[in-house]
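Listed below, chain by chain, are the residues.
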Amino acid sequence: MEDTQLEQYVTKMMLEMGVPAHLKGYKFLRCSILMAIEDMEVVGSVTKLLYPEIAKKCATTEQKVERAIRNAIEVSWTRGNTNTFEELFGYSVLTGSGRPTNSEYIAQIADKISLELRKEIAQVV
């Protein structure tokens, strides 16, 4: 799959999750998910690998990246489609559970997209 197609796929998923495109964290979150799809290892070390890489690419600080992603997740968690969250995480804001951490959120979306892409590729072959 081409990079632009993958970006479109991630963007579609983020919109389904209720992440508003006008937030600064939207761009950082999309970049994080794309990086995690390529290499899931980055999710295991967000503070040492993921945030520094995004901060470098976007000419900002690691702290601002982390905070913007957290804010985007908080907004999507409270405003997003609860059925989508139930399906993806097994819980949602309606169950009274706290929102997922940045790394959990990124890992779950990246994993779901990876699985869907593999399923699509298998159907073509």
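That block above? That's the structure.
On a predicted model such as this, the values are computed, not experimentally measured, just so you know. Within every chain, residues take consecutive numbers counted from 1 along the sequence as written. Two thresholds apply to this predicted model, a pLDDT of at least 70 for residue-level local features and 80 or more for giving and counting side-chain atom pairs, whereas whole-chain, interface and lining totals are computed over all residues. Side-chain metrics in this entry use all non-hydrogen atoms of the structure; hydrogen atoms and water are not considered.

Caption draft 1: Up close: the nonpolar core. Grouped together as the largest cluster of nonpolar side chains are 41 residues, with contacts concentrated most on M17, L29, I33, Y105 and I113. Note on conventions: DSSP H or I runs of at least 4 residues are helices, E runs of at least 2 residues are strands, and numbering of each starts at the N terminus. Where this core is concerned, the elements lending two or more residues are helix 1 (3-17), helix 2 (24-38), helix 3 (41-44), helix 4 (46-58), helix 5 (62-79), helix 6 (82-89) and helix 7 (102-124). Looking at this core, the element that brings in the most residues is helix 2, giving nine residues. It only takes one pair of heavy atoms within 4.5 Å for two residues to be counted as in contact. Discounting chain neighbours no more than four positions away, the residues touching L29 are M14, V19, I69, A72, I73, Y105 and I106. We define the nonpolar core as a collection of buried residues of types Ala, Val, Leu, Ile, Met, Phe, Trp, Tyr and Cys that are connected through side-chain atoms lying within 4.5 Å of one another. For every residue, the accessible area (1.4 Å probe, protein chains only) is compared with the maximum for its type, and the residue is labelled buried under 20%, exposed over 50%, or partly exposed between those bounds.

Caption draft 2: Spatial organisation of the packing of aromatic side chains. When the centres of two rings from Phe, Tyr and Trp lie within 6.5 Å, Trp using its six-membered ring, the rings pair. Their planes under 30 degrees apart give stacked, over 60 give edge-to-face, and anything left gives tilted. Scanning all chains against the criterion turns up five aromatic pairs. Here the aromatic rings of W77 and F85 are separated by 4.7 Å at their centres, their planes lie at 75°, and the arrangement is edge-to-face. For the residue pair W77 and F85, the accessibility class agrees, reading buried in each case. On the basis of relative accessibility, which here comes to 1%, the residue F85 falls in the buried class.

Caption draft 3: Broad picture of the packing of helix 2 against helix 4. Inter-axis angles, ranging from 0 to 180 degrees, are taken between N-to-C directions of lines fitted to C-alpha atoms, where helices are fitted over the stretch in contact. With their axes 10 Å apart at the nearest point, helix 2 and helix 4 run at an angle of 125° to one another. In this view, helix 2 runs oblique relative to helix 4, as classed from their interaxial angle. Viewed along their axes, helix 2 and helix 4 form a crossing whose handedness is right-handed. For the pair formed by helix 2 and helix 4, the contact residues are K27, F28, C31, S32 and M35 on the first element and L50, E53, I54, K57 and C58 on the second. Counted by class, the contact of helix 2 with helix 4 contains six nonpolar, one polar and three charged residues. The scheme is simple: roughly parallel for angles under 35 degrees, roughly antiparallel for over 145, roughly perpendicular for 65 to 115, oblique for anything else. Less than a right angle of anticlockwise turn of the near helix away from the far helix marks a crossing as left-handed, whereas a clockwise turn marks it as right-handed. Residue polarity follows a fixed list, in which Ala, Val, Leu, Ile, Met, Phe, Trp, Tyr, Cys and Pro are nonpolar, Asp, Glu, Lys and Arg are charged, and the others, Gly among them, are polar.

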